[in-house]
Amino acid sequence: MKKRILTGLQPSGTLHIGNYFGSLKPLIDLMGQEDNEVLLMVADYHALTSLRDTAELKTNIYNIVRDYLAAGVDPKKVILFRQSDNQDHMELGWILNCLVTVPFLMQAHSYKDKVAKGLEPNAGLFTYPMLMAADITLYNTDIVPVGEDQRQHLEYTREAVTKFNNAYGKILKEPKELIVAGVGVVPGTDGQKMSKSYKNTIPFFGTHEETQKAVMSIVTDSSGDRPVNVYNIHNVIYRALGKSQDELDALYHEHAGKYKVLKDILVDDIEIVIGGMREKRAQITDDEIRHILKDGAARAKAISNTMMQKIRAAVGITL
Ligand code: ADP
Ligand code: TRP
């Protein structure tokens, strides 16, 4: 039996280094293995919980697919599709909403954090975890590569699976998160978790100037020789370059106290990781993207339709 791997990213902003190392790269690494079937979803319905700008959403969808492809996602090996192209997500999401309680959803960290930040507590934001549970379980997913911040969403998914299976029989599969050690929480320029909403990101496909600006803004403190925040981000980049932590330690020892020099080296190293991908990205056309998404939608639906038939029969909404 092939293992199903699935992840999704919201087209709600610009892909950053944390997104790439936390979720996209682990998925790409699994893509090449023969006994895996890999799905990558543009979570555009989820993005509606925070984004209400028509043109921006549309542009973000094209951009995120361009990012995926440039970063190495091979659409022949991966089912690359848009959530909104498959209404099965909505249907199963609704069924799962009917199985969990309001107090349970109220405890979700992501909901509480967003409301604490002043985001409108719309009902979509509230039921977000059940749409995500539907995204995952519709495809009988085994493994979900994500960053640490999504761990609770996977717990919520398993809880929804238990509720469903207890009510209707063993139909949905319990997925597991894949959180890769060392990149589960990529730090941002201020040392907190890198996140669009903290405005502390280093864009993955920024221009050289944008990368430089972001790296120069990394907060350094004057205690000790080693700028910890620069070092921690550099550590992630060094792994991608196949270099060891010992080599990084040696570099920081050699340039002890010279923060500007270390930041310049970090900019150069990010360029080495991203440079080639950026060139590839510039060549991907909108037509190509539409074609890939159409093909991906058909392949995704072929899997989920079978699942939905079983679910409808179990629930009692077939005649
Ligand atoms: P953001 O926090 O910037 O809004 P998203 O919620 O869109 O990011 O995250 C998309 C994916 O990237 C998720 O799997 C998430 O866990 C992962 N991710 C986001 N930020 C980080 C980070 N700093 N380190 C590791 N993974 C991350
Ligand atoms: N909640 C995820 C995030 O904010 C995005 C997402 C939606 C997702 N559906 C998914 C991730 C299914 C993994 C699997 O990043």
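My aim in this report is to walk through the structure given alongside it, one point at a time. Note that the structure is predicted; figures quoted are calculated from it, not measured. (Residues numbered from 1 in each chain as written. Chains lettered and ligands numbered in written order. Predicted model: local features only at pLDDT ≥ 70, side-chain atom pairs only at ≥ 80, totals over all residues. Heavy atoms only, no water.)

### Side note on the site of ligand 1
Around ligand 1, a shell composed of 18 residues is seen, among which H16, G147, D149, V186 and K196 lie nearest. Contact between ligand 1 and H16: an oxygen atom at 2.7 Å from a side-chain N or O atom of the residue. Contact distances for ligand 1 include 2.9 Å between a nitrogen atom and a backbone N or O atom of M194. Burial of ligand 1 by the protein amounts to 92% of the accessible area it has alone, namely 540 Å². (Near = heavy atom within 4 Å. Polar contact = N/O pair within 3.5 Å; in protein donor to acceptor, adjacent residues only side chain to side chain. Areas by Shrake-Rupley, 256 points an atom, 1.4 Å probe, with all protein chains shown as cover.)

### Side note on the pairing of strand β2 (residues 36-42)
Along β2, six of the seven residues are buried, which leaves the element largely enclosed by surrounding structure. For strand β1 (residues 3-9) and β2, the ladder comprises seven bridges, and the chain directions are parallel. Residue pairing in the sheet places K3 in a bridge with N36 of β2. Handedness of the crossover joining β1 and β2 through helix α1 (residues 17-31): right-handed. Where β2 lies against strand β3 (residues 78-82), five bridges are found, and the strand directions are parallel. Note that in β3 the partner of V42 across the bridge is R82. (Buried < 20%, exposed > 50% of the residue type's maximum accessible area, 1.4 Å probe, protein only. Helix = DSSP H or I, 4+ residues; strand = E, 2+ residues; numbered from the N terminus. Pairing = 2+ DSSP bridges. Right-handed = clockwise from strand over helix to strand, strands pointing away.)

### Overview of the side chain of Q150
Looking at where Q150 falls in the secondary structure, it is placed in the loop between β4 (143-145) and α8 (151-168). Given the relative accessible area of 19%, Q150 is considered buried. Within the local environment of Q150, its side chain forms a polar contact with the side chain of H153, the two groups lying 2.7 Å apart.

### Quick notes on the site of ligand 2
The full set close to ligand 2 counts 13 residues, and Q10, Y128, M132, D135 and Q150 are the nearest of them. Within the side chain of Q10, one N or O atom sits 3.1 Å away from an oxygen atom of ligand 2. Starting from 370 Å² of accessible surface for ligand 2 in isolation, the protein chains cover 89%. Among the secondary structure elements, those contributing two or more residues to the shell around ligand 2 are β1 and α7 (123-137). Ranked by residues supplied to the shell around ligand 2, first place goes to α7 with four residues.

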